[in-house]
Amino acid sequence: MSSHDSVQEQAHAPRRSKITPERAQEFYTAVLDLLRESGYESLTMEGVASRTRCGKSTLYRQWGSKPELVVAALHSTRRMLLSHIDTGSLAGDLREAAQAIGAGSGRDTPLMHALSHAALQSPELLCALRESLILPELAALDAMVRRAMERGEIPRDNPAAEFVSAQLLGVMRARPLLEAKIADAAYLTRFVESAIFPALGLDPADTGS
């Protein structure tokens, strides 16, 4: 390619505007709020622009399309709600996990529901959803179970151990569909003590101290 062609190519290449990290986070917050309010199909670049008081062209220059903007917003929200939990017992860890997950379920559950259908049709969106909201908590719950095995609290061959994370995170999403209620901290604590503890052979009377 000649130097003249290279200059022409650069002249026609899309130019990204300079957006500060703080301003980008405003866009991401608006995207996630709109997803919770109206769902993925109703989300538009125009709506995000209106919510953040910017030009629609700014969003297109920076992210190119709605899916790219949603993926970026999801990656920006990766939270580690459970990674700090280590009470010294599995009973204590699971109770604290129930409290933490329940405290955030009012925001996380609507977002999961808003994105589920679209994510199944978009590998990139599904990957971002898993990395931001699901995998960090799966890893933390699996670590709690692994520590309990190392301490001898539960046998390594306990058949219920591999399903702890699926149960706890799954019921958070299932309760709104079954009962039209959010799986709050009180509900998840009861679920842990009534469904997960017996399967693991834990005593519900164990305070985790």
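It should be noted that the structure appears before, not after, this text.
Keep in mind that what you see is a predicted model, and the values were worked out from it rather than measured.

**As for the overall build of the chain**
Along the chain, the regular secondary structure elements total nine helices and zero strands. Reading the chain from its N end, one meets helices and strands in the order α-α-α-α-α-α-α-α-α. Here the chain holds 209 residues, and the buried ones make up 44% of them. Contacts spanning at least 24 positions in sequence make up 69% of the contacts within the chain whose residues lie at least 6 apart. Counting every atom, the chain has about 11300 Å² of accessible surface; 54% of that belongs to carbon and sulfur.

**Description of the packing of aromatic side chains**
In total, this model carries two aromatic pairs according to the counting rule given. With a centroid separation of 5.6 Å and 85 degrees between ring planes, the pair formed by Phe27 and Trp63 is classed as edge-to-face. A residue pair is termed long-range when its members are at least 10 positions apart, and Phe27 in helix α2 (residues 21-38) and Trp63 in helix α4 (residues 56-63) qualify at 36 residues. Aromatic side chains Tyr28 and Trp63 sit 5.7 Å apart centroid to centroid with 65 degrees between the ring planes, which places their arrangement in the edge-to-face category. Of this pair, Tyr28 sits in helix α2 while Trp63 is found in helix α4, placing the two residues 35 residues apart along the sequence. By the burial criterion, Tyr28 is buried, and Trp63 matches it.

Each value, and the rule that gives it
For every chain, the first residue of the written sequence is number 1, and numbering continues from 1 onward in sequence order. Local features in a predicted model are, by the rule used here, given only for residues with pLDDT of at least 70; side-chain atom pairs are given and counted only at 80 or more, and totals for whole chains, interfaces and linings are based on all residues. Computation of side-chain values covers all heavy atoms of the structure but excludes hydrogens and water. Helix numbers and strand numbers start at the N terminus; a helix is a DSSP run of H or I with at least 4 residues, a strand a run of E with at least 2. Each residue's exposure class comes from its accessible area (1.4 Å probe, protein chains only) as a fraction of the maximum for that residue type: buried when under 20%, exposed when over 50%, partly exposed otherwise. Every residue pair with non-hydrogen atoms within 4.5 Å of one another is taken to be in contact. Only the protein chains shown count as cover for residues, with accessible areas throughout obtained via the Shrake-Rupley method and a probe of 1.4 Å. In summary, the pairing rule links any two rings of Phe, Tyr or Trp, Trp by its six-membered ring, whose centres are within 6.5 Å, and it sorts them by plane angle into stacked for under 30 degrees, edge-to-face for over 60 and tilted for everything else.

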